[in-house]
Structures are given as C-alpha cells and as structure tokens.
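Architecture and fold: a report
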Amino acid sequence: MNLKLANIQRVKISAAAFINCFCHHKLLEVDATGVDSELSVPDIIHGLCSSSWIQQNLRCLLLDSASVPLNSGLLAFGQLVGLRTLNVSNICFHSEDLADVSQLPSLENLDISNTQITTISALLTCKDRLKSLTMHYLKCLAMTKSQIFAVIKELKCLRHLDISGHKQLCSDIGFYLLQQKDILPNIVSLDISGSTYITDRDVEHFIRNHPSIQFVGLLATDAGYSNFFTTKRGLKVAGGANLSQIAEALSRYRNRSCYMKECLYKLFTETFSVHVSMPAILKLVAIGMRNHPLDLTVQFTASACVLNLTHQGLARGMPVRLLSEVTGLLFKALRNFPSYLQLQKNCLLSLTNSRILMEVPFDRFSATRFVLGWLYRHENPKVQTMVVSIVSTLALQLSREQVSELHEDLFLAVKELLAIVKRKTAENLEDATLLFSLKALWNLTDESPATCKQFMENQGLAVFIQVLETFRDSTIQSKVLGLLSNIVEVRELTSKLMTEDVMKHISILLHSKNMEVSYFAAGIIAHLACDKRPWPFCAAQRSALLQDLHATIQKWPSSRCKMSALVTYRSFKAFFPLLDNFSQPVAQLWALWAVYHVCSRNPSVYCKMLGEEGGLPLLCNIQAHHQTNPQVQQMAVSFLEDFRMYFTTYRKHTVC
C-alpha cells in the first residue's frame, strides 16, 4: 500500500505495531485522537521521527486526548518540521512544549485546548504564519488580560481564534476581546462560547468592524438572540437562540462534553413540540452520544432529544440506518448506566415507536431481555403498559432458539403477565395493559413448548377461563383462543385442555360472528379431535361437536377471505399431523382451509415456507389418496392449481 492518512482514533495498538504498520509509509496525516494509552504521545512522535521522509513531509498530526506518561519530559515535536496542523488538546502539554512547537517553520493551525500551558508568549515566534489558534479552557493560564491581548494583537495572520470558556472556569476574556481595537484584522471565525458578560450589542459591534467574519461561537452566553444574527448574510452562529444555532453548535462542539450537554438541553427545549422530521439533527445527536459514551448527562439528555425527534409519526421521515444507529446507541447507554432509571425509561419509550419496533434493525434479543427485566422488577402502571406493548411485538420477532435462550427471564415474565391479566380480570378492567398482556402471552407461547408448560404450571388455563367468563369482547376472545391454540399444538399438553370449562367455551365461541374467534375455536377442536385420549363427555356429544365444526367451516367464506394480520405463522409444521390424518376429515378440512388462507395472503412467503418444510407431499397425498373426503380433496386440487407457479422448485421432488 501507499498510505497517506493513518486514522487510528480510539484504537488499541502497541508502539511496536504502530511503527511496523505505519511509519514506513509516506504519511501526510495521522489522526490519533483518543488512541488507547498503550500507544503514548512520545511513542507516536518517536515512531514518526524514525522516518526522515515523515519528518519533512507530515502535514497534520491530531493527538486530542492521547496519553502522555508522567515524567515524559519535553515532547520532541521540533523534528516534525513539515507540520502545518497540530492538535494537542486534552493532553499533558506544557509551556516548554509550546515553545518548541512554535518554532516549527510551517505551523499554521494549532489547538492547545485544556492543556497545562501557563503562558502563550511563545506564540510570538510563529506570529507571521499562525492562521488558526484554538485555546479552549486553558485552566492553567497565568497571564494577565493585558499580557494575553498583547500576544493576540501580534497574531495578525489569524483567521480563526477560539478562546471559549468552560463552566468550571468562568472566563471574561471573550468580553474584553470584544472591547479591543485594532485586533485580529483578518479574522473569519471567532469562538467566545462560555464567556461571561457577553451581550448582543458587543458582538454586533465587533462583527461590523470585522466584516469578513463568517462564524461566531456564542453558546452558553447571553448573546445571539437579536435579529442581527438571523439577518446577517453568510454568518453562522453556534449558540442556543434557535434551532439553526443549536445545530451549528452540535456540529462544532461534538468532541466537547461540556458544550454537548448545553446543546442537547437547548435542543430538548426547542424540539419539545416539533412536527417535522429532522434527520440531520438526529444524526448530530447520535454523534454526540457516540463521542461521549461514559458521560451520563450527555446520554440522558440525548435520549430525551431522541424521543422528541422520533415521537409519533416523526420516525417515518428518518432513514432506517440512522434509526438503527440511534437505537444501538441507546442500548449502549443502558449497558453503561444500568441503574439510571430515567435513561432506561427513555429507551423504553423509544421502543414503543412502531417504526423502530417493526422496521429498524437492532439487537432484538438483548432488547427483549432488557424489557422483560423491567416487566417483573417494576410495578409502575404506565411503565407496565409500555413494557407489555413492546414485549407483545418483540416476542414474534425472535427465533425459537432465541426464545429458548431467555430461560429464567421468560418464565418470570410469564408469571408477571398472568398476574397482570388476573388483576385486570378481577377488576373487570378492559384496558390497553390487559390487551397487550394477552397478546404478549400469545406471542411468547408461539412454537415454544417450554413457555406453554410454564403457562400451564402457573395456572394460566384457570386465569384464561376467568377472562372468557368476564369479557365478551371479540378482541380479547381471539387473543385467549390464539394462546390456547399454541397450547393444543404441544402434544403433552393437549389433554389438559380437555376439561368441561374449556370445551364449553370453545363450543360456544365456534359460532362467534367474529371470523378470527371462530377460526381459533375450530382449530382447537380440530387438534383435540386428532388426539386419541378420551374426551370429558360422551361419544354422542363428541360427534355432535365435530358435526358442528364441519357445519361452521362450511359457512365460512372462501379461504381467500381477509382476516386480520394477527393470524400469522412462523411455521406450518403444526398443521402437518392434521393434514395427514385421514380418519378425521373435519380436522383435515380445517387445516387445509387454514393453510390455503395463509398462503393466499402472501403467496411468495408462505408457499416457500410450505415447500421448504415439506408440506407439498402432504397436499399431493390428499389429492391422490382414495380415503380423502371429496370436499377436502377438491380444496387440495384448487390449492395446488392456484399456487402452481410457487411450487415449481419443489414439484421436481414430489409426485402429484
């Protein structure tokens, strides 16, 4: 390779590896911002100076937040004579080092923010070539204001000057700078954010006397609020007066946690009732979260801003990739601050967003584990409603293997969900929490025998019978029967549904005017019909119920009819024993009707699933078998004809 730029930001790399990998190349730029302490600043300088070509030609070196061991002595920057840009912010850098750096013959851009410098007098050495000087938060500076301005006045080539302050260091240097005359004649960018006593009048006067200014930093000051700053053409302001200023501040101060906190607080207030999607702003919030992962205030305020920017329909206007990144950052914040409840609540609220929950890629397994933990550890009613709504959706998005991995979390959640359902039923309270809890239990038991067993062991059947006796709403009934359909598919649990109470309710709900309720009731009866164990009532009653089932299916519309999207399947395997049971034609009829219906709704997905799971030979067998009920046989023929194009691949291995 012929490397020109080495970007090792926040990388863990040894000094030997750095030298061996990079220092034989003809490097022009090295960005070692926040590099791991295993590679120190002296190591970096030593490695770069091992190449005479790099000594003469390296133009840019960024060392922000890199490490300098104690007693390192003078940092030997003087050998890198080609340097034009040097960033030594947030490292152990002293006045003696500045004196050395100031003698670099090509130096134009220097950042000495948050260093141990006590005097900037050495900058006079490079006054005729220094174009950009950033000295934010020089906490050790021991010069008087007159001494500071005596130096700055000599830096006549400066186009950018940053003397911004910090909350821990109330500085008025910016205020006094604005009062100076004959200073900074070529200035284009001035940052005095965090300075005290700043007023709109003083800033306006300075800008009018310096017409080339294109940027001014005014965050955490009392300035930036007059019309001048919105009407001045070509002027960018980093401040807190409006959304435009906040966006500029978020972009400029992405690496300064003290200002990022201020920006995010202002942004939260500004976007509290926003009605327009702003992906560019959300991206800046994400950058702030990524750059300050261990700053609780940044993470918490950012999470609140995320809610403002994505609530209700605003997420629809956001790119999926951006929403995925932000969701990942929220979960990273949860891992870093596991005991901060409000941050966790903000993350929960973001997951209630349907766009994020349904369409955005993120670690759903970890999310489910986190949400389930909230379910059985917190009893706040509003939080419970949020949690059960999220669980009810996430449960269907996990694979069977992932569901089985949840183990204890899942079992505790089932117990808590049943407790919620039992409490709501006792109160005769039909609310969102009840509906979400029923849906969550339904989805958690889907193709999960272990969860079904846990449901039964926690007296779930008795609770659900009480639900059916208390509520007559078809929405509740369909969720209850949907879960019982999951139970009946588990062979060792099928017989436990053969109770008088269950059969009584199912035989009644079979005739429900709601299609889904009738469908689920029919499915439960069909599965029970194929079980050889004795029923809780006489053979005549059993025969009458099966005749009732057949008559009900006859009244249903075509299997191509539309039912709610709630009736979805991750697998058809539960239907296969019924499709292959020629001794119970009514059960076979129901199973075939169900498969036909599901495939009609989304043929490309479900016909592929049926073929891959080996269901096509069963349909072909129904079509050809001499014992097949004529009605079932005709439905199988229609099915194979309607979806012929989807089964081309699988027919090669199947005789129909």
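Along each chain, the written sequence defines residue order, and numbers are assigned to residues from 1. Note on the predicted model: pLDDT of at least 70 is required for a residue's local features to be given, and 80 or more for side-chain atom pairs to be given and counted; whole-chain, interface and lining totals, by contrast, use all residues. Hydrogen atoms and water are omitted, and side-chain values are computed over all heavy atoms in the structure.

Per an unreviewed UniProt entry, the protein is named Protein zyg-11 homolog A isoform X4, and its organism is Octodon degus. What the UniProt record of the protein gives under Sequence similarities (unreviewed entry) is the line "Belongs to the zyg-11 family." UniProt positions are given in the numbering used here, feature names are shortened, and annotations may be inferred rather than shown by experiment.

Here we come to the overall build of the protein. The helix and strand tally for the protein stands at 33 helices and 10 strands. Note on method: radius of gyration uses C-alpha positions; expected globular size equals 2.2 Å times residues raised to 0.38. The C-alpha atoms of the protein give a radius of gyration of 35 Å, which is well past the 26 Å a tight globule of 656 residues would have. Here the C-alpha coordinates of the protein stretch approximately 110 × 55 × 45 Å along the principal axes. In the protein, which comprises 656 residues, the share counted as buried stands at 54%. Should any heavy atoms of two residues lie within 4.5 Å, those residues are considered in contact. Across the protein, every contact between residues at least 6 apart in sequence was considered, and the portion connecting residues at least 24 apart equals 68%. We count a stretch as a helix when DSSP gives it H or I for four or more residues in a row; a strand needs E for two or more, and each element gets its number in order from the N terminus. Each residue's exposure class comes from its accessible area (1.4 Å probe, protein chains only) as a fraction of the maximum for that residue type: buried when under 20%, exposed when over 50%, partly exposed otherwise.

With respect to the helices, strands and loops of the structure, Glu 204 is situated in helix H7 (residues 200-209). The residues contacting Glu 204, other than those within four sequence positions of it, are Ser 226, Phe 228 and Phe 229.

Further remarks concern the pattern of salt bridges. What makes a salt bridge here is a side-chain nitrogen of Lys or Arg within 4 Å of a carboxyl oxygen of Asp or Glu, nothing more. Counted under the stated rule, the structure contains 19 salt bridges. Of the charged contacts in the structure, one is a salt bridge between Lys 131 and Glu 108, with a shortest N-O distance of 3.9 Å. Placement of Lys 131 in the loop between strand E5 (109-111) and strand E6 (132-134) and of Glu 108 in the loop between helix H4 (95-101) and E5 is noted, with a sequence separation of 23 residues between them. On the accessibility criterion, Glu 108 (26% relative accessible area) is partly exposed. Across the pair Arg 355 and Glu 359 runs a salt bridge, and its minimum N-O distance is 2.9 Å. Of this pair, Arg 355 and Glu 359 both sit in helix H15 (residues 354-359), four residues apart, which is roughly one turn of the helix.

Turning to the packing of aromatic side chains, a few remarks are in order. Remark: the centre distance and the inter-plane angle together describe each pair of aromatic rings, the angle taken between the planes. Only Phe, Tyr and Trp rings take part, Trp by its six-membered ring, and two of them pair if their centres are within 6.5 Å. Stacked means planes under 30 degrees apart, edge-to-face means over 60, and tilted covers everything else. If you walk through the whole model with that rule in mind, you get 26 aromatic pairs. Ring centres 5.4 Å apart and planes at 65° place the aromatic pair Tyr 519 and Phe 520 in the edge-to-face group. Among the residues examined, Tyr 519 registers a relative accessible area of 0% and is labelled buried. Counting every residue linked through ring pairs, the aromatic cluster contains Trp 442, Tyr 519, Phe 520, Trp 556, Tyr 569, Phe 572, Phe 575, Trp 590, Trp 593 and Tyr 606. We call a charge positioned over a ring when the NZ of a Lys or the CZ of an Arg lies within 6 Å of the ring centre and within 35 degrees of the ring normal. Seen from the ring of Phe 215, Arg 252 lies directly overhead, with NZ or CZ sitting 3.6 Å from the centre. Sitting over the face of the ring of Phe 362, Arg 364 holds its NZ or CZ atom 4.2 Å from the ring centroid.

Turning our eyes to something else, we now look at the packing of helix H16 (residues 364-377) against helix H17 (residues 381-397). One can describe the packing of H16 onto H17 by two numbers: an axis separation of 9 Å at closest approach and a directional angle of 145°. For the element pair H16 and H17, the recorded crossing hand is left-handed. Where H16 approaches H17, its residues Arg 364, Ala 367, Thr 368, Val 371, Leu 372, Trp 374 and Leu 375 are matched on the opposing element by Val 383, Gln 384, Val 387, Val 388, Ile 390, Val 391, Leu 394 and Gln 397. Throughout, an axis means a line fitted to C-alpha atoms (over the contacting stretch in the case of helices), and angles, computed between N-to-C directions, take values from 0 to 180 degrees. Helix crossings are classified by the rotation of the near helix relative to the far one: an anticlockwise turn of less than a right angle makes the crossing left-handed, while a clockwise turn makes it right-handed.

Contact geometry of helix H10 (residues 257-270) with helix H12 (residues 296-310) gives a least axis separation of 9 Å together with a crossing angle of 30°. The orientation of H10 with respect to H12, classified from their angle, is roughly parallel. With respect to the hand of their crossing, H10 and H12 are arranged in left-handed fashion. Together, Ser 257, Met 260, Lys 261, Leu 264, Tyr 265, Leu 267 and Phe 268 of H10 and Thr 297, Val 298, Thr 301, Ala 302, Ala 304, Cys 305, Asn 308 and Leu 309 of H12 make up the contact between the two elements. Basically, the charged four are Asp, Glu, Lys and Arg, the nonpolar ten are Ala, Val, Leu, Ile, Met, Phe, Trp, Tyr, Cys and Pro, and anything else, Gly included, counts as polar. Its residues placed into classes, the contact of H10 with H12 shows 10 nonpolar, four polar and one charged. An angle below 35 degrees is treated as roughly parallel, one above 145 as roughly antiparallel, one from 65 to 115 as roughly perpendicular, and anything else as oblique.

What follows covers the sheet that holds E6. Strand pairing in a sheet relies on backbone hydrogen bonds, with the paired strands running either antiparallel or parallel. Taken in spatial order, the 10 strands make up an open sheet running E1-E2-E3-E4-E5-E6-E7-E8-E9-E10, and their pairing is parallel. At either end of the open sheet lies a strand with only one pairing partner, and these are strand E1 (5-7) and strand E10 (236-238). The sheet shows a mean angle of 5° between the axes of neighbouring strands, taken without regard to direction. Where strand E4 (residues 85-87) and E5 come together, three bridges link them in parallel fashion. The partner of Thr 85 across the bridge, within E5, is Asn 109. A pair of strands is treated as paired once DSSP finds two or more bridges between them.

A positive phi is found at Asn 71, a non-glycine position, where the angle reads about 60°. Looking at where Asn 71 falls in the secondary structure, it is placed in the loop between strand E3 (60-62) and E4. The phi dihedral of Asn 90 is positive, around 60°, even though this residue is not glycine. Among the secondary structure elements, Asn 90 is positioned in the loop between E4 and H4.

Here the focus is the nonpolar core. Think of a nonpolar core as a cluster: buried Ala, Val, Leu, Ile, Met, Phe, Trp, Tyr and Cys residues, connected wherever their side-chain atoms sit within 4.5 Å. Ranked by size, the top nonpolar core spans 158 residues in total, and within it Phe 464, Phe 572, Phe 575, Trp 590 and Phe 639 carry the most contacts. The element that contributes the greatest number of residues to this core is helix H29 (residues 585-601), accounting for 12 residues. Counting contributing residues, this core receives three or more from each of domain 2 (166-253) and domain 3 (567-655). Ignoring sequence-local partners within four residues, the contact set of Phe 639 consists of Val 595, Tyr 596, Cys 599, Leu 610, Leu 619 and Phe 647. Ranked by size, the runner-up nonpolar core spans 76 residues in total, among them Phe 93, Leu 104, Leu 123 and Leu 190. Note that the domain bounds reflect an automated or database-derived domain assignment.

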